[in-house]
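# A look at the structure
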Amino acid sequence: FFTEANLEDTFISASWKAGSKVSLRADYHWLRLAKANDLWYQAGGPFNSTAFGLLGRPSGGSRNFADLADLSADIALNKTTMASLYFGQMLGQTVVKSIYPDSRGSLGYLEITRKF
């Protein structure tokens, strides 16, 4: 939901091992625009011959962008297989709320990696 190009990212992070096969991590990010007159940038990459895929939305004169809380776990299932779980919750602040009044968003996934 954002690019790092013009953001200040202040965060706290904790990680720990739960046994020999499980690694856990929790982060909380306070995201602010570098300047109050900057744009909220989102990027999807080039998708046709006339657009580069970068969108800039007005900040409304605020730097308070969003907070992001996320949790992740990496679990060694065996010597060749790893499962990674992730869940993140975005809490939009003034910049996001000026465009999207319902300013919450979530992302979660499960990834299985196998070494050959």
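As the structure is a computational prediction, the values presented were derived from the model and not from experiment.

It is worth spelling out the overall build of the chain at this point. Helices and strands together make up the secondary structure of the chain, namely 1 helix and 7 strands. When its helices and strands are written in sequence order, the chain yields β-β-β-β-β-β-α-β. The principal-axis extents of the C-alpha atoms in the chain amount to approximately 50 × 35 × 25 Å. Each of the 116 residues in the chain was classed as buried or not, and the buried ones make up 24%.

Overall, the coordinates contain 2 salt bridges when judged by the stated rule. Note that glutamate 8 and arginine 63 form a salt bridge whose closest N and O atoms lie 2.7 Å from each other. You can see glutamate 8 sitting in strand 1 (residues 7–17) and its partner arginine 63 sitting in the loop between strand 4 (54–58) and strand 5 (64–76), a full 55 residues away along the chain. For glutamate 8, a relative accessible area of 37% corresponds to the partly exposed category. Arginine 63 gets classed as partly exposed once you look at its relative accessible area, which sits at 22%. Its salt-bridge partner being arginine 25, residue aspartate 27 comes within 3.0 Å of it at the nearest N-O pair. Judged by its relative accessible area of 41%, arginine 25 is partly exposed.

With that settled, consider a nonpolar patch on the surface. Taken together, the side chains of Leu77, Leu85, Leu110 and Ile112 make up a nonpolar region of the molecular surface, amounting to roughly 380 Å² of accessible area. Considering the arrangement of structural elements, one finds isoleucine 112 in strand 7 (residues 104–114).

A few words now on the packing of aromatic side chains. Aromatic ring pairs are defined here through the distance separating the ring centres and the angle between the ring planes. In this structure the tally under the stated criterion is 4 aromatic pairs. Where tryptophan 40 meets phenylalanine 65, the ring centres are 5.2 Å apart and the plane angle is 75°; that geometry is what we call edge-to-face. Remark: phenylalanine 65 occurs in strand 5 and tryptophan 40 occurs in strand 3 (residues 39–43); sequence separation between them is 25 residues. Residue class for tryptophan 40 comes out buried when judged on its relative accessible area of 3%. The rings of Trp40, Phe65 and Tyr100 are connected pair by pair, giving a single aromatic cluster.

So, about the sheet that holds strand 6 (residues 81–92). The antiparallel open sheet is built from 5 strands, whose spatial order is 1-2-5-6-7. Sheet topology places strand 1 and strand 7 at the edges, where each strand pairs with a single neighbour. Taking each pair of neighbouring strands and ignoring which way they run, the sheet shows an average axis angle of 10°. Sheet analysis places strand 6 next to strand 7, joined by 11 bridges and oriented antiparallel. Each bridged residue has a counterpart across the sheet, and for threonine 81 the counterpart in strand 7 is arginine 114.

So, how was this worked out
In every chain, residue numbers begin from 1 and rise along the written sequence. The model is predicted, so local features are restricted to residues of pLDDT at least 70 and side-chain atom pairs to those at 80 or more, both for listing and for counting; the totals for chains, interfaces and linings are taken over all residues. The side-chain quantities take in all heavy atoms of the structure and omit both hydrogens and water. Helix and strand definitions follow DSSP, with helices as H or I runs of at least four residues and strands as E runs of at least two, each counted in order from the N terminus. The buried label applies to any residue whose accessible area, calculated with a 1.4 Å probe on protein chains only, is under 20% of its type's maximum; exposed applies above 50%, and partly exposed to all values in between. Salt bridges are defined by distance alone: a side-chain nitrogen of Lys or Arg within 4 Å of a carboxyl oxygen of Asp or Glu. The patches reported here contain residues having more than 30% relative accessible area and no salt bridge. Joining distances are 9 Å for like charges and 5 Å for nonpolar side chains (Val, Leu, Ile, Met, Phe, Trp, Tyr). The method behind every accessible area is Shrake-Rupley, applied with a 1.4 Å probe, and residues are considered shielded solely by the protein chains displayed. Ring pairs shown here join Phe, Tyr and Trp side chains whose ring centres sit within 6.5 Å, with only the six-membered ring taken for Trp; geometry is labelled stacked below 30 degrees between planes, edge-to-face above 60, and tilted in between. In short, DSSP must find at least two bridges between two strands for them to pair. To get an axis, a line is fitted to the C-alpha atoms, and for a helix only the part in contact is used. The angle between two axes follows their N-to-C directions and goes from 0 to 180 degrees.

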